[in-house]
Amino acid sequence: MKKLLLLSVALLGFTFASNAQDISNNAIGLRLGDSDGFGAEISYQHALGSNNRLEVDLGWRDGKDFDGFKLTGLYQWVWNIDGGFNWYAGVGGGLGSYSFDNAPAGVDDSDTFIFAAGDIGIEYNFDIPLLISLDFRPEIGFGDDSFKNNDLDFDIALGIRYQF
């Protein structure tokens, strides 16, 4: 717990000490990762300042035996490394729901859950309006079922977004 507190204080310190930079006002695209079984997510980023932004991701699945969605919101701080390379870190959370259609009779195999998430990644802004990123998102979930009940998940994903 002390390490988490120290990391949080360090991130806030970097935020206030970082040089201002311009990030895209808006970006929309896909975040391709395991996303805890939800697969690809539609991802939208909106700049809130010169070095921070809001990211909202929506993942969903509709299959023969499985239906679900997951909505994530993150506040991110962005720092320039060199040229078009940036790194970022953020915090947030979200909610989701899933159900398995092939559950035995009398068994409710569905859940609605909330989760807290962190985010750290690296991105590259091309000269054209394209942004590619690789990020790591640890999530801790809270729900009635074991799928997300106090479960720590690690989501690694590749993001491809159009900037405007």
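What you see is a predicted model, and the numbers here were worked out from it, not measured in a lab.

**Q** Help me understand the packing of aromatic side chains, please; the structure alone is not making it clear to me.
**A** Think of a pair of aromatic rings as described by two things: how far the centres are apart, and how the planes are tilted against each other in angle. Counted according to the given criterion, the structure contains 8 aromatic pairs. With a centroid separation of 6.2 Å and 40° between ring planes, the pair formed by Phe 113 and Phe 115 is classed as tilted. Given the relative accessible area of 4%, Phe 115 is considered buried. Here a set of aromatic residues connected by ring pairs shows up, and it is made of Phe 85, Tyr 124 and Phe 126. Positioned over the ring face of Tyr 88 is Arg 53, at 5.0 Å from the centre of the ring. Of note, Lys 70 hangs over the ring of Phe 115, and the distance from its end group to the ring centre comes to 5.3 Å.

**Q** How do you make sense of the nonpolar core when you look at a structure like this?
**A** Inside soluble globular proteins, nonpolar side chains tend to come together where they are buried. Listed in full, the 6 residues of the largest apolar core are Phe 66, Leu 74, Tyr 98, Phe 113, Phe 115 and Ala 117. Those elements that provide at least two residues to this core are strand 4 (66-82) and strand 6 (110-125). Per-element tally for this core: the top contributor is strand 6, with 3 residues. What Ala 117 contacts, discounting residues up to four positions off in sequence, is Leu 74, Gly 90, Val 91, Gly 92, Gly 93, Arg 137, Pro 138 and Glu 139.

**Q** Would you mind going over the sheet that holds strand 8 (residues 152-163) with me for this structure?
**A** Either a parallel or an antiparallel arrangement is found when strands of a sheet pair, and the pairing is made through backbone hydrogen bonds. The strand order around the closed barrel formed by 8 strands is 1-2-3-4-5-6-7-8, and the pairing between neighbours is antiparallel. In this sheet, neighbouring strand axes are inclined to one another by 25° on average, regardless of whether the strands run parallel or antiparallel. Summarising the sheet, strand 1 (residues 26-33) and strand 2 (residues 41-47) pair through 6 bridges and their orientation is antiparallel. Along strand 2, the bridge assignment pairs Arg 31 with Glu 41.

**Q** Is there a simple way to explain the pairing of strand 2 in this structure?
**A** Every regular strand shows the same layout, with side chains that alternate between the two sheet faces. Residues Glu 41, Ser 43, Gln 45 and Ala 47 point to one face of strand 2 and are all buried, whereas Ile 42, Tyr 44 and His 46, pointing to the other face, are not buried. In this structure, strand 2 lies alongside strand 3 (residues 52-62), joined through 7 bridges in antiparallel fashion. Bridge pairing in strand 3 links Ala 47 to Arg 53. Where strand 2 folds back onto strand 3 in an antiparallel hairpin, the turn is made up of 4 residues.

**Q** I'm lost on the pattern of salt bridges in this one. Help?
**A** Any two side chains of opposite charge can pair if their charged atoms end up close together. Counted according to the given criterion, the structure contains 10 salt bridges. Note that Arg 31 is salt-bridged to Glu 41, the shortest N-O span being 3.3 Å. Of the two residues, Arg 31 is situated in strand 1 and Glu 41 in strand 2; the sequence distance between them amounts to 10 residues. Of the residues examined, Arg 31 reaches a relative accessible area of 1% and is grouped as buried. Among the residues examined, Glu 41 registers a relative accessible area of 1% and is labelled buried. Notably, a salt bridge pairs Glu 139 with Arg 137, separated by 3.9 Å at the nearest N-O pair.

Rules of the game
Residues numbered from 1 in each chain as written. Predicted model: local features only at pLDDT ≥ 70, side-chain atom pairs only at ≥ 80, totals over all residues. Heavy atoms only, no water. Phe/Tyr/Trp six-rings, centres within 6.5 Å; stacked < 30°, edge-to-face > 60°. Buried < 20%, exposed > 50% of the residue type's maximum accessible area, 1.4 Å probe, protein only. Lys NZ or Arg CZ within 6 Å of the ring centre and 35° of its normal. Core = buried A, V, L, I, M, F, W, Y, C linked by side-chain atoms within 4.5 Å. Helix = DSSP H or I, 4+ residues; strand = E, 2+ residues; numbered from the N terminus. Contact = heavy atoms within 4.5 Å. Pairing = 2+ DSSP bridges. Axes fitted to C-alpha atoms, helices over the stretch in contact; angles between N-to-C directions. Salt bridge = Lys/Arg side-chain N within 4 Å of Asp/Glu carboxyl O.

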